[in-house]
Amino acid sequence: MLSQIFVNIPAREQESYPISIDLGIFGNWPNWLKKHIQSRQLVILTDKKLLNPYIRQFKQQLLDAKINFIVISINGGESSKNQVTKEAIEMKMFRARIDRDALLLVIGGGVIGDLGGFVAATYMRGIKYIQVPTTLLAMVDSSVGGKTAINNEYGKNLIGAFWQPQAVAIDIKFLNTLPKQQLINGLIEVIKIFITCEKSSYDFVTNNFNKILAYDNEALLFIIQRAVSLKAEIVSQDEKEQNLRKYLNFGHTIGHALEKYYDFNILHGYAVALGIIVESKIAQIMGFLTQESYLSIVNLLQKLGIDCKDLHEIDAAKIIQYCLNDKKAKADKIYMIIIRQIGMVQNDKNSAVHEVPAKIIKRAFKQLF
Ligand SMILES: NC(=O)c1ccc[n+]([C@@H]2O[C@H](COP(=O)([O-])OP(=O)(O)OC[C@H]3O[C@@H](n4cnc5c(N)ncnc54)[C@H](O)[C@@H]3O)[C@@H](O)[C@H]2O)c1
């Protein structure tokens, strides 16, 4: 194993867990899994797209190791993250007489991870589960921190629970089959965490983005290890998002509004990238961020193919309205994470969240580069 990072949950020490990062844990999984399974029933929940390239081979390894299991596969993509799919999974588990001591092994991207985590949180009042993320986004973000959820007609992630996994196993070999657009989608969350928490890693991405986009293992391992370490540290200090964990919402207030503006016909990461650009401009207008840092961020995201031209055409009044409807708005006021410099968030009076007047948001859209 190349590295192991721990998420500590001080309030409930027994819920702390390791995140293993490797290039090929998958090749030796039965051994790795055995200590987690003990005498438990094993349920594998996965994405249909992963059956052929990975799960078939993995099933054979489990059979050879005489480990019993059932496999439930569903479609990846946001449209699966709902109550209907959740119930279908639970019914399959009941039919297979899965009991409350079972272990759920969730292998997939953020959709399967959030959905599987929520099944684990509620099945017979909660069973143990392990996250095996297979997209870059799931590796650096959704698999770490125990946020589980499904969507409904009122919005995204509105029904869910905090339910920490037993372990997270990140095998970057899964990225070999991940399409470039999905790699960039995850890379934007990596850049977000570096902009808020670690300038040296941000500089690494600016200097090595060509290698990252060419799926270079060394470069990928570096950014995954740093992003996971930073997220694990944040979750360890603030599991329930009272302060520090809110840093991770940088770019998301405008990003979520843009997702809605485009009627969700935009990948989440790409909407967040545009959100990062606008929220960085806001930080600059508010006098925290230098023009040079703002341009560095725009430049990096443009190199990843984020097309900012569309932002000039956007109806800022609509975006402001969507921001006001967001679950994070309070008493008709819009709040955001404001960066002070690359690698550092403005944190006043113990609060990282700042009220941003609508007129500054309008000005930011007008003054983008
Ligand atoms: N829980 C959290 O803290 C948290 C944080 C961020 C995002 N999220 C959630 O994550 C979800 C998005 O995650 P995602 O982008 O991973 O989506 P996803 O799970 O839908 O995966 C994206 C696409 O990649 C495919 N895929 C997965 N692994 C692959 C592989 N190894 N090779 C080839 N194709 C593969 C999937 O089938 C899908 O088409 C959203 O629902 C979002 O709300 C949760």
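None of the values given here were measured: they were computed from a predicted structure. (Residues numbered from 1 in each chain as written. Predicted model: local features only at pLDDT ≥ 70, side-chain atom pairs only at ≥ 80, totals over all residues. Heavy atoms only, no water.)

Student: Hey, could you run me through the packing of helix H6 (residues 180-197) against helix H10 (residues 268-285) in this one?
Tutor: Each pair of packed helices gets described by two things: the angle between the helix axes and the distance between those axes. The contact between H6 and H10 brings their axes to 8 Å, and the two run at 35 degrees. Handedness of the H6/H10 crossing: left-handed. Residue-level contacts link Gln 181, Ile 184, Asn 185, Ile 188, Glu 189, Lys 192 and Ile 195 of H6 to His 268, Gly 269, Tyr 270, Val 272, Ala 273 and Ile 276 of H10. Taken together, the residues that form the contact of H6 with H10 break down as seven nonpolar, four polar and two charged. (Axes fitted to C-alpha atoms, helices over the stretch in contact; angles between N-to-C directions. Helix = DSSP H or I, 4+ residues; strand = E, 2+ residues; numbered from the N terminus. Left-handed = near helix turned anticlockwise from the far one by under 90°. Contact = heavy atoms within 4.5 Å. Nonpolar A, V, L, I, M, F, W, Y, C, P; charged D, E, K, R; others polar.)

Student: Sorry if this is basic, but what is going on with the site of the ligand here?
Tutor: Neighbouring the ligand are 25 residues; Asp 47, Lys 49, Lys 81, Gly 110 and Thr 135 lie closest to it. The contact in question runs from an oxygen atom of the ligand to an N or O atom on the side chain of Asp 47, over 2.6 Å. Contacts to the ligand include Thr 177, whose side-chain N or O atom sits 2.8 Å from a nitrogen atom. Calculation on the ligand without its partners gives an accessible area of 870 Å², and the protein chains cover 89% of this total. Breaking the shell around the ligand down by element, the ones donating at least two residues are helix H4 (110-122), helix H5 (136-142), strand E8 (155-162) and H6. (Near = heavy atom within 4 Å. Polar contact = N/O pair within 3.5 Å; in protein donor to acceptor, adjacent residues only side chain to side chain. Areas by Shrake-Rupley, 256 points an atom, 1.4 Å probe, with all protein chains shown as cover.)

Student: Where do I start with the sheet that holds strand E3 (residues 42-47) in this structure?
Tutor: Sheets are built from strands paired through backbone hydrogen bonds, the pairs being either parallel or antiparallel. Here seven strands make up an open sheet; going across it, the order is E1-E2-E9-E6-E5-E3-E4 and the pairing mixed. Edge positions in the open sheet fall to strand E1 (3-7) and strand E4 (70-74), since each of these has one partner strand only. For this sheet, the mean angle separating the axes of adjacent strands, direction not counted, is 20 degrees. When strand E5 (residues 103-108) meets strand E6 (residues 128-133), the two strands line up parallel, connected through six bridges. Bridge pairing in E6 links Gly 108 to Pro 133. Each of E3 and E4 is contacted by helix H3 (residues 83-95), which is oriented at about 165 degrees to E4, the strand it contacts most. Lying over the sheet, helix H8 (residues 217-237) contacts E1, strand E2 (17-22) and strand E9 (167-171), oriented at roughly 20 degrees with respect to E1. (Pairing = 2+ DSSP bridges.)

Student: Explanation requested: the nonpolar core in the structure shown.
Tutor: Taken as a class, soluble globular proteins show a tendency for nonpolar side chains to be buried jointly. Among the nonpolar cores identified, the biggest contains 111 residues, and Ile 19 and Ile 224 are the most heavily contacted of them. Filtering out sequence-adjacent residues up to four positions away, Ile 224 remains in contact with Ile 21, Leu 136, Met 139, Val 140, Ile 170, Ile 172 and Leu 175. In terms of nonpolar packing, the next biggest core, distinct from the first, is built from 20 residues, Leu 45, Ile 72, Met 93 and Ile 150 among them. (Core = buried A, V, L, I, M, F, W, Y, C linked by side-chain atoms within 4.5 Å. Buried < 20%, exposed > 50% of the residue type's maximum accessible area, 1.4 Å probe, protein only.)

Student: For this particular structure, what's the right way to read a nonpolar patch on the surface?
Tutor: Taken together, Met 91, Phe 94 and Met 124 make up a surface patch of nonpolar side chains, about 250 Å² in accessible area. In this structure, Met 124 sits in the loop between H4 and E6. (Patch = residues over 30% accessible without salt bridge, like charges linked within 9 Å, V, L, I, M, F, W, Y side chains within 5 Å. Salt bridge = Lys/Arg side-chain N within 4 Å of Asp/Glu carboxyl O.)

Student: I keep staring at the pattern of salt bridges and nothing clicks. Help me out?
Tutor: Between side chains of opposite charge, a pair can form when the charged atoms approach closely. Throughout the structure, instances matching the rule amount to 12 salt bridges. Of the charged contacts in the structure, one is a salt bridge between Glu 15 and Arg 12, with a shortest N-O distance of 2.8 Å. On the accessibility criterion, Arg 12 (24% relative accessible area) is partly exposed. For Asp 203, the salt bridge is made with Lys 199, and the minimal N-O distance between the two is 2.9 Å. Of the two residues, Asp 203 and Lys 199 both sit in helix H7 (residues 199-213), four residues apart, roughly one turn of that helix. When its relative accessible area of 25% is taken as the criterion, Asp 203 is described as partly exposed. Among the residues examined, Lys 199 registers a relative accessible area of 41% and is labelled partly exposed. A cluster of three or more residues bridged by salt bridges with shared partners is formed by Glu 78, Lys 81, Asp 114 and Lys 156.

Student: Got a minute to help me understand the domain arrangement of the protein chain in this structure?
Tutor: Frequently, the measure chosen for interface size is the accessible area removed from exposure when the parts meet. When cut into domains, the protein chain gives domain 1 (3-178) and domain 2 (181-366). For domain 1 versus domain 2, the distance between C-alpha centres works out to 27 Å. Across the contact, 27 residues belong to domain 1 and 29 residues belong to domain 2. Note that Arg 12 is salt-bridged to Glu 239, the shortest N-O span being 2.8 Å. Counting only elements with at least two residues in the side of domain 1 that touches domain 2, the list comes to E1, E2, H5 and E8. Counting residues per element, the side of domain 1 that touches domain 2 draws most heavily on H5, which supplies five residues. Tallied by class, the residues present in the side of domain 1 that touches domain 2 amount to 19 nonpolar, four polar and four charged. (Domains from an automatic or database assignment.)

Student: I keep staring at the packing of aromatic side chains and nothing clicks. Help me out?
Tutor: The relative placement of two aromatic rings is captured by the distance of their centres and the angle of their planes. The tally for this structure, following the rule as stated, stands at four aromatic pairs. Pairing Phe 94 with Tyr 123 gives two aromatic rings, centres 4.7 Å apart and planes at 35 degrees, and the pair type is tilted. Here Phe 94 is found in helix H3, whereas its partner Tyr 123 is found in the loop between H4 and E6, with 29 residues between them in sequence. Residue Phe 94 is classed as partly exposed on the basis of its relative accessible area, which comes to 43%. For Tyr 123, a relative accessible area of 1% puts it in the buried group. (Phe/Tyr/Trp six-rings, centres within 6.5 Å; stacked < 30°, edge-to-face > 60°.)

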